[in-house]
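Spelled out from the first residue to the last, the chains are:
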Amino acid sequence: GKMDETKEDASVEVSRPPSLDFVDRIRLLVLDDDFIAKRCQKLISRDYQQLLEERNMLAREKREMLKQLDKMATENTYLLRKITKQEGKFAELQSQNTELMERCRKIAEENTSLHLENARMRAKANKMARKGSKKNQL
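Our subject in this report is the structure included herewith. Residues take numbers from 1 onward in each chain, read along the sequence in its written order. Given that this is a predicted model, residues contribute local features only at a pLDDT of at least 70 and side-chain atom pairs are listed and counted only at 80 or more, while totals for whole chains, interfaces and linings are drawn from all residues. Calculated side-chain values reflect all of the structure's heavy atoms, with hydrogen atoms and water omitted.

### Brief notes about the overall build of the protein chain
(1) Moving on: Strands are runs of DSSP state E lasting at least two residues, helices are runs of H or I lasting at least four, and both sets are numbered from the N terminus onward. Tallying secondary structure elements over the protein chain gives two helices and zero strands in all.
(2) Moving on: Taken across its 138 residues, the protein chain has 0% of its residues classed as buried.
(3) Moving on: Shrake-Rupley sampling with a 1.4 Å probe provides the accessible areas, and residues are treated as covered by the protein chains on show and by no other component. When the accessible area of the protein chain is evaluated, it comes to approximately 14,000 Å², of which 60% is carbon and sulfur surface. Note on exposure labels: buried denotes an accessible area under 20% of the residue type's maximum, exposed denotes more than 50%, and partly exposed covers the range between, all computed with a 1.4 Å probe on protein chains only.

Encoded structure:
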């Protein structure tokens, strides 16, 4: 009867080959997928290449900087040695200076006492001269 007919129609519907349009669309999608995959692969490898180059450049810069740091450390050590040596000389000169200042102070003291003695002698000489001239006047 009627039920059998509809069943038969349904089976015919399913077994009918899909339209060419549909197959082409699937084929295009597959090709698209392939193209996209290849394109992605290309982009990824290009980015990876770029990253590798950047990494190598940074590694080179780092090596250069380390070399510079090493050089600076060596110079620093040399300068520190030089400073230490100069500090030693400076300390030596300072002690010599202190010694000389002490000598100068002693000399100045002696000088002062000599001036005082000189002044006393002059006063005595003047007194004697005055006495002598008084005697001559009498």
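### Regarding a positive patch on the surface
(1) Moving on: Patches here are clusters of residues that have more than 30% relative accessible area and form no salt bridge, with a 9 Å joining cutoff for like charges and a 5 Å cutoff for nonpolar side chains (Val, Leu, Ile, Met, Phe, Trp, Tyr). Salt bridges are counted wherever a side-chain nitrogen of Lys or Arg sits within 4 Å of a carboxyl oxygen of Asp or Glu. None of His or the chain ends enter the tally, which takes Lys and Arg as positive and Asp and Glu as negative. To locate a charge, the coordinates of NZ of Lys, CZ of Arg, CG of Asp or CD of Glu are taken. There is a patch of like positive charges on the surface, built from R120, K124, K127, R130, K131, K134 and K135.
(2) Moving on: Position of K134 relative to the elements: it lies in helix α2 (residues 20-137).

### With respect to the pattern of salt bridges
(1) Moving on: A full pass over the atoms with the stated rule returns seven salt bridges.
(2) Moving on: Among the salt bridges present, the one from E102 reaches R105, with a minimum N-O distance of 2.4 Å. On the criterion of helical spacing, the pair formed by E102 and R105 is a turn pair, its members being three residues apart in helix α2.
(3) Moving on: Exposure remark for E102: the relative accessible area of 34% places this residue in the partly exposed category.
(4) Moving on: When its relative accessible area of 42% is taken as the criterion, R105 is described as partly exposed.
(5) Moving on: Because the salt bridges share partners, they merge into one network encompassing E102, R105 and E109.

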